[in-house]
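The residues making up each chain are set out below.
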2 protein chains.
Amino acid sequence: MYKGGYTGKILRINLTNQTAKEEDLPFNIASDFIGGAGFGIKYLYDEVPARTDPLGPDNKLIFASGPFSGTTIPCASRMAITAKSPLTGAVGMGLSGGYFPVELKFTGYDILIIEGKAEKPTYVWIMDGKVKFRSAKKIWGLKTTDTQQIIKNELNDQNVRVACIGPAGENLCKIACIVNEMRVVGRKGLGAVMGSKNLKAIAIRGTKRVSIADENKLEAAKREMTRAMKESPVLYSHFSKTGTPMVVDQTCNTGIFPTKNFTTTGVYAPADKLGVEIQMSRNIGREHCYGCPVGCSQLKLAKTEPYKGILTEGPEYETMYSYGGATGVENIDAIIAADRLADELGLDTISSGVAIAFAMELYEKGILSKEDTGGIEVNFGNHEAMITIIKQMAFREGIGDILADGTKAAAERIGKGSAKYAMHVKGLELPAYDVRGAKAHGLNYATSYTGADHNRGYAFQEIFGIPIPYEVDRFAVAGKGKLTKWNQDVRTATCDCPTMCAFILDMAVPGIATKNTASLMEAVTGLELTPEEIQKIGERINNLARVFNVREGFTRADDTLPERLMTEPLKGGAAKGHFISREELKQMLDEYYAERGWDIETGIPKREKLEELGLGYVVDEIKTLKGLSKSNEKEQGNP
Amino acid sequence: MYKGGYTGKILRINLTNQTAKEEDLPFNIASDFIGGAGFGIKYLYDEVPARTDPLGPDNKLIFASGPFSGTTIPCASRMAITAKSPLTGAVGMGLSGGYFPVELKFTGYDILIIEGKAEKPTYVWIMDGKVKFRSAKKIWGLKTTDTQQIIKNELNDQNVRVACIGPAGENLCKIACIVNEMRVVGRKGLGAVMGSKNLKAIAIRGTKRVSIADENKLEAAKREMTRAMKESPVLYSHFSKTGTPMVVDQTCNTGIFPTKNFTTTGVYAPADKLGVEIQMSRNIGREHCYGCPVGCSQLKLAKTEPYKGILTEGPEYETMYSYGGATGVENIDAIIAADRLADELGLDTISSGVAIAFAMELYEKGILSKEDTGGIEVNFGNHEAMITIIKQMAFREGIGDILADGTKAAAERIGKGSAKYAMHVKGLELPAYDVRGAKAHGLNYATSYTGADHNRGYAFQEIFGIPIPYEVDRFAVAGKGKLTKWNQDVRTATCDCPTMCAFILDMAVPGIATKNTASLMEAVTGLELTPEEIQKIGERINNLARVFNVREGFTRADDTLPERLMTEPLKGGAAKGHFISREELKQMLDEYYAERGWDIETGIPKREKLEELGLGYVVDEIKTLKGLSKSNEKEQGNP
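Read on for an overview of the structure. Note that the coordinates shown come from a computational prediction; the quantities given were computed from them, not determined experimentally.

**Observations concerning the overall build of chain A**
Right, so step 1: Helix and strand content of chain A: 28 helices and 17 strands.
Right, so step 2: Relative to the globule expectation of 26 Å for 639 residues, the C-alpha radius of gyration of chain A, 23 Å, shows essentially globular dimensions.
Right, so step 3: Based on the C-alpha atoms only, the size of chain A along its principal axes is roughly 60 × 60 × 50 Å.
Right, so step 4: Counting all 639 residues of chain A, 67% fall into the buried class.
Right, so step 5: Across chain A, the fraction of contacts at a sequence separation of at least 24, relative to all contacts at a separation of at least 6, is 69%.
Right, so step 6: Surface exposure of chain A reaches about 19,700 Å², of which carbon and sulfur atoms provide 50%.
Right, so step 7: Within chain A, one finds 79 positive and 80 negative side-chain charges whose respective centroids are separated by 2 Å.

**A closer look at the relation of the copies chain B and chain A**
Relating one copy of the chain to the other requires a rotation about an axis plus a shift along that axis.
Right, so step 1: It takes a turn of 180° to lay chain B on chain A, together with a shift of 0.0 Å along the axis; the resulting RMSD is 0.0 Å. In short, the pair behaves as if placed about a two-fold rotation axis. Of the C-alpha atoms belonging to chain B, the one lying closest to the rotation axis is found on Gln158 of chain B, 2.6 Å away.
Right, so step 2: In this assembly, 100% of the residues forming the interface of chain B have copies in chain A that are likewise at the interface, indicating an isologous arrangement.

**Some words on the side chain of Asp434 of chain B**
Right, so step 1: If you trace the backbone, Asp434 of chain B turns up in the loop between β17 (428–429) and α18 (439–447).
Right, so step 2: Ignoring anything within four residues of it in the chain, the contact list for Asp434 of chain B reads Ile256, Pro258, Phe262, Thr265, Leu565 and Leu570 of chain B.

**Considerations on the pattern of salt bridges**
Right, so step 1: By the definition in use, this model includes 104 salt bridges over all chains.
Right, so step 2: Among the salt bridges present, the one from Glu462 of chain A reaches Lys480 of chain A, with a minimum N-O distance of 2.5 Å. In this pair, Glu462 of chain A sits in helix α19 (residues 460–464) while Lys480 of chain A sits in helix α20 (residues 480–496), placing the two residues 18 residues apart along the sequence. An identical accessibility class is assigned to Glu462 of chain A and Lys480 of chain A; each is buried.
Right, so step 3: Linking Glu154 of chain B and Arg134 of chain B is a salt bridge whose minimum nitrogen-to-oxygen distance equals 3.2 Å. Taken together, the positions of Glu154 of chain B in helix α4 (residues 144–154) and Arg134 of chain B in strand β8 (residues 130–135) put the pair 20 residues apart, joining distant regions of the chain.
Right, so step 4: In this structure, a network of salt bridges that share partners links the residues Lys485, Asp489, Lys536, Glu539, Arg596, Lys609 and Glu612 of chain A.

**A look at the interface of chain B and chain A**
Right, so step 1: Taken together, the contact pairs 33 residues of chain B with 33 residues of chain A.
Right, so step 2: For the pair chain B and chain A, the summed buried area comes to about 2,800 Å², and 47% of that belongs to carbon and sulfur atoms.
Right, so step 3: Contact with chain A buries surface across chain B, with Lys138, Gln158 and Lys308 of chain B losing the most and accounting together for 19% of the total.
Right, so step 4: For the pair chain B and chain A, the number of links is 6 salt bridges.
Right, so step 5: Here Lys138 of chain B makes a salt bridge to Glu287 of chain A, at a shortest N to O gap of 3.5 Å.
Right, so step 6: Connecting chain B to chain A are 16 residue pairs in polar contact (both at pLDDT 80 or more).
Right, so step 7: Counting residues per element, the ones that place at least two in the side of chain B that touches chain A are α4, β13 (283–287), β14 (297–301) and α15 (383–395) of chain B.
Right, so step 8: Tallying contributions element by element places α4 of chain B first for the side of chain B that touches chain A, with 5 residues.

**Some thoughts on the side chain of Thr517 of chain B**
Right, so step 1: With respect to the helices and strands, Thr517 of chain B occurs in helix α22 (residues 513–525).
Right, so step 2: Look past the residues within four positions of Thr517 of chain B in its chain and what remains in contact with it is Phe68, Ala493, Thr494, Pro498 and Ile534 of chain B.

**Description of the pairing of strand β8 (residues 130–135) of chain A**
Residue and element names in this part refer to chain A.
Right, so step 1: Across 6 bridges, strand β7 (residues 122–127) lies against β8 in antiparallel orientation. Note that in β8 the partner of Met127 across the bridge is Lys130.
Right, so step 2: Connecting the antiparallel pair β7 and β8 is a turn made up of 2 residues, with Asp128 showing a positive phi of about 50°.

**As for the packing of aromatic side chains**
Right, so step 1: Applying the stated rule across the entire model yields 28 aromatic pairs over all chains.
Right, so step 2: Measuring from centroid to centroid gives 6.0 Å for Tyr99 of chain B and Tyr290 of chain B, while their planes differ by 90°, and the two rings are edge-to-face. Here Tyr99 of chain B, found in the loop between β5 (91–96) and α3 (100–106), pairs with Tyr290 of chain B, found in the loop between β13 and β14; they are 191 residues apart in sequence, far enough to count as distant.
Right, so step 3: Aromatic side chains Tyr592 of chain B and Trp598 of chain B sit 5.6 Å apart centroid to centroid with 90° between the ring planes, which places their arrangement in the edge-to-face category. The residues Tyr592 of chain B and Trp598 of chain B share a single accessibility class, namely buried.
Right, so step 4: Connected via pairs of aromatic rings, a cluster forms that spans Phe257, Tyr317, Tyr433, Tyr458 and Phe464 of chain A.
Right, so step 5: Lying across the ring of Tyr268 of chain A, Lys260 of chain A places its NZ or CZ 4.5 Å from the centre.
Right, so step 6: Looking at Arg551 of chain B, its charged tip hangs above the ring of Tyr45 of chain B, at a distance of 4.1 Å from the centre.

About the cut-offs
- Residues numbered from 1 in each chain as written.
- Chains lettered and ligands numbered in written order.
- Predicted model: local features only at pLDDT ≥ 70, side-chain atom pairs only at ≥ 80, totals over all residues.
- Heavy atoms only, no water.
- Helix = DSSP H or I, 4+ residues; strand = E, 2+ residues; numbered from the N terminus.
- Rg over C-alpha atoms; globule rule 2.2 N^0.38 Å.
- Buried < 20%, exposed > 50% of the residue type's maximum accessible area, 1.4 Å probe, protein only.
- Contact = heavy atoms within 4.5 Å.
- Areas by Shrake-Rupley, 256 points an atom, 1.4 Å probe, with all protein chains shown as cover.
- Lys, Arg positive; Asp, Glu negative; His and termini not counted.
- Charge placed at Lys NZ, Arg CZ, Asp CG, Glu CD.
- Least-squares fit on C-alpha atoms with pLDDT ≥ 70 in both.
- Salt bridge = Lys/Arg side-chain N within 4 Å of Asp/Glu carboxyl O.
- Buried area = accessible area lost by both parts, 1.4 Å probe.
- Polar contact = N/O pair within 3.5 Å; in protein donor to acceptor, adjacent residues only side chain to side chain.
- Pairing = 2+ DSSP bridges.
- Phe/Tyr/Trp six-rings, centres within 6.5 Å; stacked < 30°, edge-to-face > 60°.
- Lys NZ or Arg CZ within 6 Å of the ring centre and 35° of its normal.

In short, the description is geometric, and any link to function would need to be established separately.
Below you can see the structure in the form of structure tokens.
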């Protein structure tokens, strides 16, 4: 049944009982959900019941690669990690690249499902089919680089690959991440889920190889992909050289690089301080994920005291925003140092930076006093304060303890009307785009199943002016529901599931993404799917994720944006005067729900849509919940 | 000729021409010098002429393993690195363990001789017999852990082993070290020699295995050794659990733990602040060198702010002294942080700590002002100042620039009578024993061919009361010349050359060291040597090293101690009232030279001694120099 691509195996690891069990990957799950995020969301929905405590033993942590990972397809060494997010309470799903994802495939498994909770700090060591539970007493408290190194030493094999948490995950910071090599599954607090299970790390080593259904077809499909990559006007010529940092200049120019907690976007656009030129002055070289010819990841070395000599892989564009624009810090070396520090402590750079920016605004407004901050002057631009608070968050000390669970929880603890300055959707901090000047991207923030997540439906049409599938006006409202659905479904189906680097979608194959994915899928797995069917899989997964969130109590009211973006027009720059009014958001949501086949009033998927997507089995479950869509209510009244 | 142990090969690498040449290891060199330090000193003497600039292209850097390294003999994964020291101008030789030394053997080479100077930052990549010169542009400026990781990534093999320098070596700090894994060849500024050659790192990977002359004999000799290890009253019962840190309590009790730049030793003995108990409260586990059943290396994790979460391998006893006792710092977490920082920046912890302690005394005496220190309050006990100055040294900033070349050079630059507070011999900073209460150890400092070096002739008889080869009174003067010769020759022959961890000599086999080395040598190499012949090899090497130093202009006058130790009696503790007067030092030196067969007036080896040791070929060379011994002068007058 599995000619290739998939190994067809799940490894189920129970930390409570210290057992490991191999299961077959059912064919219909493979064919209906492809891999990666699809697998994660499918198993999360099926196995983690409503209202499960995200930091309790019943939450599950699902590591899933896709059929492309471990093959010769370039840019496909990625994996999705899925759990119920402690930060949002919604689906928590994030991806990373590097080498761990292919190594996972080489162990012979497509999916690891981590269940239960270890009694004591533990790490799991997987060598092909052999699983060992080892004490993490020695490495508990260690930073992520040290953790990886000490495990490699202990296992006496430097080629072991490790995914781990830092002190932030151990201390259950709800903005903690999971780190493999210098790569990060950053968002939604998945590091805290690992920490709650007393799971410091997963170490893996595999010797198995992935078989391919049709090598000739694979070569042809890869040629199609690599041709598109070579023809890209930006991929090798710019992106490969500078990586995501190049975006700072772009968004400063278009007036959507968020600054000082979104209070001065466009007015204060520090491209001269944080732009690609100054970033590249710290560049010393590049790193590549397994099998990637692009190598977008930039190594940067801080040049000035007190940060001199600190290396980081990054900072990516998002971190230039969160530790730079959002906090008003203009010291590139401080941002480099903060990036490395957060990776070492295992903190999401976006959420932690936005949380600090939030505290800075409160401090400047007098809502937080020097007493509240333990004497730290938490002004915009204070890089020493930023560095101190990053450490405090990971160790849950001082003001850092309050911020360590993200801006939404911090606002609840601080009170005093602070909530309106908390820049998040569903608890997930806003990424690096002031969506007042990119409205489909704003709709994506409002509707993404993970909260404000640029990666679930990135509106490259608005941000880079790429006219695929059609040209759009970034300030317009009409048509953005349809566009957002396309962005979300295509991205899910062609990137998050197979798995494939999203930059390839954005910069090389946006026009042929589903077609190319179909070709690659057929070549590696033997599954014959049309481009339309590929896109439909993306839609299925976005619907199942939505249903998970509905079951958790999320409604249309949660599909919103921070008040500031809906009430305060941008005061300067190329997007001056623009904002997403409540009425505009309503219009976009109405269109989006209609396009999705979701009930417009509640935002709940209609029965017909779910059945069309082969998700009929979920209808029974969600109709027992309140806040049902009209369509499902009808069903309920008419059994 | 080489039945085993040796691979019999030298790899000569010329950085100027970017060439690599394989040479045979001559049998007489192997048999007369064993390996490690013996090889290093032999090639240094033969190939680096008098008055060579240590930081010029004509200095050579010699990496040499010994016949035991890479075999199944435990505790033998060590290597010696030898060059003319930029810190002392004398022989610079240091050893480290870990995994690099065996990997070197597995490449098929016993010795790497690095010559010349690369035009641009370079690293050398040796895979078995293949040598590549690669650009180090990307890694120049990186800390040592990052350097190792980025090279492994670049070579796409995490099992590559790397020896490298940090920023301190690049910046030609004369107290810079060479780091492999978390191991360090710390002393004598060998890191600056690498830096002067634009050589950032040597990366190696080997697949060859070392053959053994007689496996049965090897098993028997190993049984003898492992029995002695098991019978040791300290090795497994104490040392394996706590490592060198246990020595703090011992030397505080015996009044020889040096404190506040040797001004308060015995009076101020902070065992309660820095002793084994507090150190072990930070212990999280151990690390082992290749093939070591002891695993003395302690991993410690800082617990309190601002150092919380910083891991180090160490601090070893010496570092507890240099960053603790000598500086008066009592904050264990600061010492942990400083240890890691120095390893990352590539600075010797002993020399850098003693240099800081020197600055602290000068600051407290008013010889250095706040203006001189750039505003830093450099008082004894100020751990923030210590951390700051460590960074400044590596980057040659502020007061750190002055201290980065060691205390002797710093005293010359500072003037104002500061030289008498500079605790060094021949430019090498004093290690962690106040030798006013351990006089043979003091004589070793005065006479060691590397300067004040505890490792060249460690007087465990005085420090631990071990009565081998006989019981001694640590305060006595008579007999210390003979003892020091024994300590130096046995240590050289049984540890530094074969190569073998010195802790095994000190704690397990002191009584059978030469016998066991002879047995192991015969088993692995087929060379039949008596214990006396083994010891003679140690003597040969100490003589050749002495001749190297004589050729560089060193005389009896350089075999001395810091003024303080010869004029100020200890003011408290178990060694109260003791010091090594000039007269006592004279007596010990007279006895030492007589025992060594060196001219008593000049300290130059006599012709007869050199010929007895098979070193007759050096007589012609040294007799052309001034300051010849009487014996050699006679020779000169009577050709």
